[in-house]
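The lines below spell out each chain.
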Amino acid sequence: GAGVSQSPRYKVAKRGQDVALRCDPISGHVSLFWYQQALGQGPEFLTYFQNEAQLDKSGLPSDRFFAERPEGSVSTLKIQRTQQEDSAVYLCASSLEGRGRDTQYFGPGTRLTVL
Amino acid sequence: TQLLEQSPQFLSIQEGENLTVYCNSSSVFSSLQWYRQEPGEGPVLLVTVVTGGEVKKLKRLTFQFGDARKDSSLHITAAQPGDTGLYLCAGAGNYGQNFVFGPGTRLSVLP
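Residues numbered from 1 in each chain as written. Chains lettered and ligands numbered in written order. Predicted model: local features only at pLDDT ≥ 70, side-chain atom pairs only at ≥ 80, totals over all residues. Heavy atoms only, no water.

(A) Spotlight on the overall build of chain A. For chain A, the count of helices and strands is zero helices and eleven strands. Along chain A, helices and strands appear, N-terminal first, in the series β-β-β-β-β-β-β-β-β-β-β. In terms of overall dimensions, chain A has C-alpha extents of about 40 × 30 × 25 Å along its principal axes. Per-residue burial over chain A gives 46% buried out of 115 residues. With an accessible surface of roughly 5700 Å², chain A has 46% of that area assigned to carbon and sulfur atoms. Of the charged side chains in chain A, 13 are positive and 12 negative; the average position of the first set lies 6 Å away from that of the second. (Helix = DSSP H or I, 4+ residues; strand = E, 2+ residues; numbered from the N terminus. Buried < 20%, exposed > 50% of the residue type's maximum accessible area, 1.4 Å probe, protein only. Areas by Shrake-Rupley, 256 points an atom, 1.4 Å probe, with all protein chains shown as cover. Lys, Arg positive; Asp, Glu negative; His and termini not counted. Charge placed at Lys NZ, Arg CZ, Asp CG, Glu CD.)

Dropping the structure here:
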């Protein structure tokens, strides 16, 4: 399929461990977004890339969260020293052009559980 | 900060019934999107509305954007079990900012 893929689908981490979540966007899509979705809530914006440039990281909850997209395609969201409150589904989305009205295509998410 | 509220939070109905879910804000949005999300999957875009007062129909789903572009509704006619899911609305501000999502309405359609 040509959709957005994310890996791993599930991740269990002990408190204090570092984790890395991967997103493979749709080929050719310029924009890439990361969202955090807590149980029973809607997605909350974390960060936005246009190609390899991280244009907006205003939603990252702390400096333990770091995202990169070095070649303008695959992106990695890294969480250092995980805490229990980091437990959530992390969604990645890509769109063909810029943010705003352009359709975002979401991946299935990575469910992170921090024990 | 632009916030979106959705109501009801949960809705359980029988197959064949009609329903309406609402998305409200005190802020004006340049556009508003509706998504459906199924368990274990990411949200899937249903529609984007842009113009105040706009009405869009997608088979049994009717979407309306309020005249003031602060609220929206989704009406489903003759609901089917396949309509079960989390319905999310998301609004974008006037300057191309990121979409802000509401908390969703979780719909269950019983056969």
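There's more to say after this.
(B) Looking closely at the pattern of salt bridges. In total, this model carries six salt bridges over all chains according to the counting rule given. Linking Lys78 of chain A and Glu68 of chain A is a salt bridge whose minimum nitrogen-to-oxygen distance equals 3.4 Å. Of this pair, Lys78 of chain A sits in strand 8 (residues 75–79) while Glu68 of chain A is found in strand 7 (residues 65–68), placing the two residues ten residues apart along the sequence. Here Glu38 of chain B and Arg36 of chain B are joined by a salt bridge, their closest N and O atoms 3.3 Å apart. Looking at Arg36 of chain B, the relative accessible area reads 23%, which means it is partly exposed. (Salt bridge = Lys/Arg side-chain N within 4 Å of Asp/Glu carboxyl O.)

(C) View of the sheet that holds strand 8 of chain A. All names here are of chain A. Pairing is antiparallel across the open sheet formed by four strands, whose spatial order is 1-3-8-7. Among the strands making up the open sheet, the edge pair consists of strand 1 (5–7) and strand 7. When the angles between neighbouring strand axes are averaged without regard to direction, this sheet yields 15°. In this sheet, strand 8 lies alongside strand 3 (residues 19–24) in antiparallel orientation, the contact comprising five bridges. Along strand 8, the bridge assignment pairs Arg22 with Thr76. (Pairing = 2+ DSSP bridges. Axes fitted to C-alpha atoms, helices over the stretch in contact; angles between N-to-C directions.)

(D) Structural view of the interface of chain B and chain A. Taken together, the contact pairs 21 residues of chain B with 21 residues of chain A. The contact between chain B and chain A buries some 1500 Å² in all, and 50% of this surface belongs to carbon and sulfur atoms. When the area that chain B buries against chain A is broken down by residue, the three leading residues are Asn98, Phe99 and Phe101 of chain B, summing to 32%. On the surface where chain B and chain A come into contact, there are zero salt bridges. The interface formed by chain B and chain A holds three residue pairs in polar contact (both at pLDDT 80 or more) in total. Elements supplying a minimum of two residues to the side of chain B that touches chain A: strand 4 (31–37) and strand 9 (85–92) of chain B. The biggest single contributor to the side of chain B that touches chain A is strand 4 of chain B, with four residues. Looking at the side of chain B that touches chain A, its residues break down into ten nonpolar, ten polar and one charged. (Contact = heavy atoms within 4.5 Å. Buried area = accessible area lost by both parts, 1.4 Å probe. Polar contact = N/O pair within 3.5 Å; in protein donor to acceptor, adjacent residues only side chain to side chain. Nonpolar A, V, L, I, M, F, W, Y, C, P; charged D, E, K, R; others polar.)

(E) Seen up close, the state of the cysteines. Under the defined criterion, the tally for this structure stands at two disulfides over all chains. For Cys23 of chain A, the disulfide goes to Cys92 of chain A, at an S-S distance of 1.8 Å. Negative torsions about the S-S bond denote left-handed disulfides, and the value of about -60° found for Cys23 of chain A with Cys92 of chain A makes this one left-handed. Of the two residues, Cys23 of chain A sits in strand 3 while Cys92 of chain A sits in strand 9 (residues 88–95), which places them 69 residues apart along the sequence. In this model, Cys23 of chain B is linked to Cys89 of chain B through a disulfide, with the two sulfur atoms separated by 2.0 Å. Across the S-S bond of Cys23 of chain B and Cys89 of chain B the torsion is about 80°, and the bridge reads as right-handed. Taken together, the positions of Cys23 of chain B in strand 3 (residues 19–24) and Cys89 of chain B in strand 9 put the pair 66 residues apart, joining distant regions of the chain. (Disulfide = S-S within 2.5 Å.)

(F) Spatial organisation of unusual backbone geometry. Looking along the chain, the bond that leaves Ser7 of chain A and enters Pro8 of chain A is cis, with omega of -10°. Summarising the element assignment, Pro8 of chain A is placed in the loop between strand 1 and strand 2 (10–13). In this structure, Pro8 of chain B follows Ser7 of chain B across a cis peptide bond, with omega equal to -10°. At Asn51 of chain A, a position not held by glycine, the phi torsion is positive, near 55°.

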